[in-house]
Amino acid sequence: MTEGEYSPEIISGGYLAIGDEESVRANRSYWDGSAEEYLAEHGSFLGASEFVWCPEGVREDDIGLLGDITGRQVLDVGCGAGQCTRWLAEHGATATGVDLSSGMLEQASRLSRENPLREGSVPPTFLQADARSLPFPSGSFDIACSSYGALPFVKDADAVLAEAARVLRPGGLWVFSVTHPLRWMFPDVPGESGLTVEYSYFDRTPYVELDASGEPAYAEHHRTMGDWIRLLVEAGFEITGLTEPEWPESNQLSWGGWSPLRGQLMPGTAIFSARLRG
């Protein structure tokens, strides 16, 4: 979990029930308000045109989960500031990024202005959209991907998966990364106190942070590994791979609860690869 460390309006957090739309409103407001600070904190790690799958620092350049994207129509769901989308464009894709947060898309525009793409690259398209209702005709894309985008922050992940299935062509590839479900059993701290189980793996109550008025200001949702498999199958996907990145020795940075100490003992990220059944 990535707790709301940027917003000064957040005063408390815990495990609370929250509705679908309430969760979306809270997260839109959170990311709009924290986008600039988030990039100031993590921008050097994420780069301007890098495809980083996870806080472990594993990059698409290294593991190639998307395969050859040259000439392919690729959708980046929950693109944030567009670093992955820009990487897709620089590697030959016709890339489109969508994000709920106007603040994050403003940062995407800034990065594009300050960091021109490689010569010959087709600039990506960025759109503001709810991942549960994508503004594209059915069968528009060959590949869809998401690096910690949208899925951790919606209660109704089934709607996001259904939309990914709708906009992909038959046989289309869908690859996304989320917090590893096992992490929800442990407190979200990088040190030794984060190595002791405190929560039930089977408790799906979301983590919610509240503002001064007691309204939700951030929400993140837990699903078990079995939940993710069931949701993907129900959406029409065939699971082709599950990547659980080990912590690279070269990464000595901590990011929230992700740290070298914890990363050497437990997975922090799950990356699902799936194809839409024809």
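The structure we're discussing is the one just above.
Residues numbered from 1 in each chain as written. Predicted model: local features only at pLDDT ≥ 70, side-chain atom pairs only at ≥ 80, totals over all residues. Heavy atoms only, no water.

**A short note on the overall build of the protein chain**
And then number 1: Along the protein chain, the regular secondary structure elements total 7 helices and 10 strands.
And then number 2: Seen along its three principal axes, the alpha-carbon backbone of the protein chain occupies a region of about 50 × 40 × 40 Å.
And then number 3: Of all 278 residues assigned to the protein chain, the portion counted as buried reaches 56%.
And then number 4: Look at the contacts in the protein chain between residues 6 or more apart in sequence, and 75% of them connect residues 24 or more apart.
And then number 5: In the form shown here, the protein chain has an accessible surface area of approximately 11,800 Å², with 50% of it arising from carbon and sulfur atoms.
And then number 6: Separation between the mean location of the 19 positive side-chain charges and that of the 41 negative ones in the protein chain comes to 6 Å. (Helix = DSSP H or I, 4+ residues; strand = E, 2+ residues; numbered from the N terminus. Buried < 20%, exposed > 50% of the residue type's maximum accessible area, 1.4 Å probe, protein only. Contact = heavy atoms within 4.5 Å. Areas by Shrake-Rupley, 256 points an atom, 1.4 Å probe, with all protein chains shown as cover. Lys, Arg positive; Asp, Glu negative; His and termini not counted. Charge placed at Lys NZ, Arg CZ, Asp CG, Glu CD.)

**Section: a nonpolar patch on the surface**
And then number 1: On the surface, I229, V233 and I239 cluster together to form a nonpolar patch covering roughly 210 Å² of accessible area.
And then number 2: Of note, V233 is situated in helix α6 (residues 225-234).
And then number 3: Exposure remark for V233: the relative accessible area of 39% places this residue in the partly exposed category. (Patch = residues over 30% accessible without salt bridge, like charges linked within 9 Å, V, L, I, M, F, W, Y side chains within 5 Å. Salt bridge = Lys/Arg side-chain N within 4 Å of Asp/Glu carboxyl O.)

**Concerning the pairing of strand β5 (residues 141-147)**
And then number 1: Among the 7 residues of β5, 7 are classified as buried, and the element is accordingly described as predominantly covered.
And then number 2: Bridge analysis of strand β2 (residues 73-77) against β5 gives 3 bridges, and the strand direction is parallel. Residue pairing for β5: V74 is matched across the bridge by I143.
And then number 3: Across 6 bridges, the pairing between β5 and strand β6 (residues 168-179) is parallel. Bridging across to β6, S146 finds its partner in F176.
And then number 4: For the handedness criterion, the β-α-β arrangement of β5, helix α5 (residues 157-167) and β6 is classed as right-handed. (Pairing = 2+ DSSP bridges. Right-handed = clockwise from strand over helix to strand, strands pointing away.)

**Re α5**
Working note: α-helix, 3.6 residues per turn, so residues spaced by three or four point in the same direction.
And then number 1: Inspection of α5 places A157, V160, L161, E163, A164, A165 and V167 among the buried residues, and these make up the whole buried set.
And then number 2: Tucked into the core, α5 has its buried residues touching β2, β5, β6, α6, β9 (237-243) and β10 (269-276).

**Overview of the nonpolar core**
And then number 1: Core analysis: the largest hydrophobic core is formed by 39 residues, its most contacted members being F51, W53, L66, I69 and L88.
And then number 2: With 7 residues, the single largest contributor to this core is helix α1 (residues 20-46).
And then number 3: With residues up to four places along the chain from it excluded, the contact list for L66 reads F51, W53, E60, L88, I143, C145, L173 and V175.
And then number 4: Counting residues in each nonpolar core, the second largest holds 36 residues, with L134, F136, M225 and F272 among its members. (Core = buried A, V, L, I, M, F, W, Y, C linked by side-chain atoms within 4.5 Å.)

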